[in-house]
Amino acid sequence: MRVRHSATRFTSLWRPVHGLLIVPLAIIATTALIDINTPETMHPGPFLIAAPALTAVFAGPGPTAAVGALAVVAQIVIAALHGGVSTPNHEAQIAAVLVISVCLVVFRRLLDRYERLLGRVRSVAVVAQQGLLRPLPRRIGPLGIASVYIVAEAGAQIGGDLYAVVPAPG
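Remember, predicted model here, so these are calculated numbers, not experimental data. Within every chain, residues take consecutive numbers counted from 1 along the sequence as written. At least 70 in pLDDT is required for a residue's local features to be given in this predicted model, at least 80 for side-chain atom pairs to be given and counted, and no such filter applies to totals for whole chains, interfaces and linings, which use all residues. Values reported for side chains reflect all heavy atoms of the structure, with hydrogen atoms and water molecules removed beforehand.

Below, the discussion takes up the environment of L48. Helix and strand assignments follow DSSP, with helices taken as H or I runs no shorter than four residues and strands as E runs no shorter than two, numbered in order from the N terminus. Relative to the helices and strands, L48 is located in the loop between α3 (22–36) and α4 (50–58). A relative accessible area of 0% places L48 in the buried class. Measuring from C-alpha to C-alpha, the distance between L48 and Q75 comes to 7.5 Å, with 27 residues separating the pair along the chain. Those residues within four positions of L48 in sequence are excluded, and the remaining contacts are I28, T31, A71, A74, Q75 and I78. Exposed residues in this analysis have more than 50% of their type's maximum accessible area, buried residues have under 20%, and partly exposed residues fall in between, with area computed by a 1.4 Å probe over protein chains only. Whether two residues are in contact is decided by their heavy atoms: any pair within 4.5 Å suffices.

This is the structure we're talking about:
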């Protein structure tokens, strides 16, 4: 019984987004290993910014910030192993990864806020539409009524409601 409860709790905490985090973490590890093992004249370290940028596509601001912080730490480690953190080139690379990571977190936070707002607006619009457009009765006296709802665009549930009266066969 305990094993099942623990497994259920683990699976409820695990979401598909967590599995996708392997990709940006692999980008950070791969970029760091390549940069550490290449001559100091090559600088693949700036590719670290791909990790938080990719994370911002599928995860929220929290995971994006965590991956961005990890990318900054990796850039600092690379700089320490390639001549010191205080060289102008490494300072610029660390600053670039840091600034872009912060911008990605801010943009992702704004995107999440606007998505929540849009969801609330859609739900209010659907409720308003359902309240205003009551379903038609099947019959009005001797007249049989049938209706078909045709949306203006795939996935649209609001707006563009038109009714037409046509004679039914039979």
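Time to look at the environment of V67. Mapped onto the fold, V67 is located in helix α5 (residues 61–81). Expressed as a C-alpha distance, the spacing of V67 and L54, which sit 13 residues apart in the sequence, is 9.6 Å. Sequence-distant contacts of V67, defined by excluding residues within four places in its chain, comprise L21, P24, I28, A51, P52 and T55.

Turning our eyes to something else, we now look at a nonpolar patch on the surface. Patch building starts from residues that exceed 30% relative accessible area and form no salt bridge, then joins like charges within 9 Å and nonpolar side chains (Val, Leu, Ile, Met, Phe, Trp, Tyr) within 5 Å. Residue-level accessible areas treat just the shown protein chains as cover; the underlying method is Shrake-Rupley with a 1.4 Å probe. We count a salt bridge whenever a side-chain nitrogen from Lys or Arg sits within 4 Å of a carboxyl oxygen from Asp or Glu. Together, L25, I36, L70, V73, V77 and L81 make up an exposed nonpolar region whose accessible area comes to about 470 Å². Elements that contribute at least two residues to the nonpolar patch include exactly α3 and α5. Broken down by element, the nonpolar patch gets its largest block of residues, 4 residues, from α5. Within the fold, L25 resides in helix α3.

Empty space among the atoms can be located by rolling a probe the size of a water molecule over them. Both cavities and pockets are sets of points on a 1 Å grid over the protein atoms alone; in a cavity a 1.4 Å probe fits but cannot get out, in a pocket the set is open with protein on both sides within 12 Å along at least five of seven lines, and lining residues sit with an atom within 4 Å of a point. Grid points are joined across faces, edges and corners, and a volume is the space filled by probe spheres set on the points. All chains considered together, the criterion is met by 1 cavity of 30 Å³ or more. Reported here for the largest cavity is a volume of approximately 30 Å³. Around the largest cavity, the lining residues are D35, E40, M42, H43, Q75, I78, H82, H90 and Q93. For the lining of the largest cavity, the secondary structure elements donating two or more residues are α5 and α6 (88–132). Here the term charged refers only to Asp, Glu, Lys and Arg, the term nonpolar to Ala, Val, Leu, Ile, Met, Phe, Trp, Tyr, Cys and Pro, and the term polar to all other amino acids, Gly among them. Class assignment of the residues belonging to the lining of the largest cavity gives a composition of 2 nonpolar, 5 polar and 2 charged.

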